[in-house]
Amino acid sequence: RLPAPMKLRDAPSACPALWRCLPCPPAELRLDLVLSSGQTFRWWESSPGAWTGVLGGRVWTLRQERDRLWYTVYGEEEEDGCPAGAAKPDGAETDRILRDYFQLDVGLPALYRAWGAADPLFHKVAADFPGEVAPWGHGDGQGTCSASPHRVPLAGVRVLRQDPVECLLSFICTSNNHISRITSMIERLCRAFGRHLCHLDARPFHAFPSLSALAGADAEARLRALGFGYRAKFVSGTARAVAEGLGAEGLHQLRTVPYTEARRVLCALPGVGTKVADCVCLMALDKAEAVPVDTHVWRIARQRYGMALGGRSLSPRAHQEIGKDRAEPSHGTHRDSAPSAGAHPLSAGDFFRGLWGPRAGWAQAV
């Protein structure tokens, strides 16, 4: 029998003893931009300014107020939104989980300054993009808070550090897809295959499925019934390949190998191409230099930076040229102006990494 639904806590005033906070100014993190950007598909704006989702097998609600990141973690047995004698999660542990997930040890303002100094186009885009943290719920979907007349430099966009298994299997679902549909697919996946965690009001929450759950003999058929289409065989096939090969621990260990090796291993899995591999490398495997390239990024590289990539479409060769790690040390992140890749077509392979430096994937996320 499932426990009775709990009440959503959308602000620290709701059962204050169950909320904790971390120092975190908006220049370092913008929940509204990061959690809705398509890096992850497990968060939902449960009320204006409050984001509820699943992280590390637990259900959380997050909220930013001034220079604080507030959070609450839901237990398995609660009454009226407060615990019924159940032990609260260890505060030091949950602090660590959040700091790790948002990679709060990486300071953003210094990176933004370096990227802006290296790349005039980045400087202009970041300065022109309205990034005011002002009345929640009044944005236009592009980071603009229309209720505020002020325009300040965009800040707080950072790359998440996700669980490699969840990130890999989620991004297999992103091909030829859009964020709202992907989010719906991942929700169905978790409800069908994941462990039930709790109900908040009338909404159920489930953990992301284990590899074994998605590697079962009937998994592909069940995924097709859930509307996954051709992706069903790739999700179940990759879950099976990882379970029978590297294992979840081996996938985590790819964090310790060079980017090119991690990318090679991922691209050998069913349904994993270069873009999905780069997304997983960047968002789960600590490869901050990985730059996922799709047609949008490719078009920017050609039109705005004048890259001489050859051809009129994003071929595998062009993808390799943009993302391949051949950066020349002298390029760095402190150029006075953007290099002219059109004048040096052979340097196209290291263009973004040479322009933005070792965290080129973070710069591209902005």
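One can find the structure itself at the top, above this paragraph.
All of the points below concern the structure found in this document. Since the model is a prediction, treat every value here as computed from it, not as a measurement. (Residues numbered from 1 in each chain as written. Predicted model: local features only at pLDDT ≥ 70, side-chain atom pairs only at ≥ 80, totals over all residues. Heavy atoms only, no water.)

**Regarding the nonpolar core**
Next up, step 1: By size, the foremost hydrophobic cluster in this structure holds 67 residues, and its most contacted members are Leu168, Leu266, Trp356 and Trp362.
Next up, step 2: Among the elements that take part in this core, helix 12 (residues 274-284) stands out by supplying eight residues, more than any other.
Next up, step 3: When residues of this core are assigned to domains, at least three fall in each of domain 2 (108-130 + 154-159 + 291-310 + 347-365) and domain 3 (164-285).
Next up, step 4: With 20 residues, the next largest nonpolar core counts Leu22, Val34, Leu98 and Tyr101 among its residues. (Core = buried A, V, L, I, M, F, W, Y, C linked by side-chain atoms within 4.5 Å. Buried < 20%, exposed > 50% of the residue type's maximum accessible area, 1.4 Å probe, protein only. Helix = DSSP H or I, 4+ residues; strand = E, 2+ residues; numbered from the N terminus. Domains from an automatic or database assignment.)

**Quick notes on the packing of helix 5 (residues 164-172) against helix 9 (residues 231-244)**
Next up, step 1: One can describe the packing of helix 5 onto helix 9 by two numbers: an axis separation of 9 Å at closest approach and a directional angle of 155 degrees. In terms of axis orientation, helix 5 runs roughly antiparallel to helix 9. In this structure, the crossing between helix 5 and helix 9 has a hand that is right-handed. Contacts between helix 5 and helix 9 involve Leu168, Leu169 and Ile172 on the former and, on the latter, Arg231, Phe234, Val235, Thr238, Ala239 and Val242.
Next up, step 2: Here the contact of helix 5 with helix 9 is built from residues that sort into seven nonpolar, one polar and one charged. (Axes fitted to C-alpha atoms, helices over the stretch in contact; angles between N-to-C directions. Parallel < 35°, antiparallel > 145°, perpendicular 65-115°, else oblique. Left-handed = near helix turned anticlockwise from the far one by under 90°. Contact = heavy atoms within 4.5 Å. Nonpolar A, V, L, I, M, F, W, Y, C, P; charged D, E, K, R; others polar.)

**Comments concerning the pattern of salt bridges**
Next up, step 1: All chains considered together, the criterion is met by 10 salt bridges.
Next up, step 2: Put simply, Arg30 and Asp32 hold a salt bridge, and the shortest N to O gap is 2.7 Å. Each of the two residues, Arg30 as well as Asp32, counts as buried.
Next up, step 3: Arg264 is paired through a salt bridge with Glu261; the nearest N and O atoms lie 2.7 Å apart. Placement of both Arg264 and Glu261 in helix 11 (residues 259-267) is noted, with a separation of three residues, approximately one turn of the helix.
Next up, step 4: What emerges from the salt-bridge pattern is a single network uniting Asp100, Arg161 and Asp286. (Salt bridge = Lys/Arg side-chain N within 4 Å of Asp/Glu carboxyl O.)

**What to know about the sheet that holds strand 3 (residues 50-55)**
Next up, step 1: The strand order across the open sheet built from five strands is 1-5-4-3-2, with neighbouring strands paired in antiparallel fashion. The sheet terminates laterally at strand 1 (19-23) and strand 2 (43-47), the two strands that pair on one side only. Looking at each pair of strands side by side, their axes are set apart by 30 degrees on average, direction ignored.
Next up, step 2: In this structure, strand 3 lies alongside strand 4 (residues 58-65), joined through six bridges in antiparallel fashion. When the sheet's bridge partners are listed, Val54 is paired in strand 4 with Val59. (Pairing = 2+ DSSP bridges.)

**Some remarks on the pairing of strand 4**
Next up, step 1: Counted residue by residue, strand 4 has six buried out of eight residues, so it is predominantly covered.
Next up, step 2: From the end of strand 3 to the start of strand 4, which pair antiparallel, there are two residues, and Gly56 there has a positive phi angle of about 60 degrees.
Next up, step 3: As paired elements, strand 4 and strand 5 (residues 68-73) share six bridges and run antiparallel to each other. Paired with Trp60 across the strands is Val73, a residue of strand 5.
Next up, step 4: Linking strand 4 back to strand 5 in an antiparallel pair, the connection comprises two residues, with Arg66 at a positive phi of about 55 degrees.

**Some details on the environment of Leu189**
Next up, step 1: Considering the arrangement of structural elements, one finds Leu189 in helix 6 (residues 179-193).
Next up, step 2: Ignoring sequence-local partners within four residues, the contact set of Leu189 consists of Gly194, Phe208, Pro209, Leu214, Leu223 and Phe228.

**What about the environment of Leu35?**
Next up, step 1: Among the secondary structure elements, Leu35 is positioned in the loop between helix 1 (31-34) and strand 2.
Next up, step 2: For the pair Leu35 and Arg158, spaced 123 residues apart in the sequence, the C-alpha separation amounts to 9.9 Å.
Next up, step 3: The residues touching Leu35, leaving out its near neighbours within four places in the chain, are Thr40, Trp43, Trp51, Leu62 and Phe102.

**A few points about unusual backbone geometry**
Next up, step 1: At Arg66, a position not held by glycine, the phi torsion is positive, near 55 degrees.
Next up, step 2: Mapped onto the elements of the fold, Arg66 is located in the loop between strand 4 and strand 5.
Next up, step 3: When its relative accessible area of 75% is taken as the criterion, Arg66 is described as exposed.
Next up, step 4: Unusually for a residue other than glycine, Asn176 sits at a positive phi of about 50 degrees.

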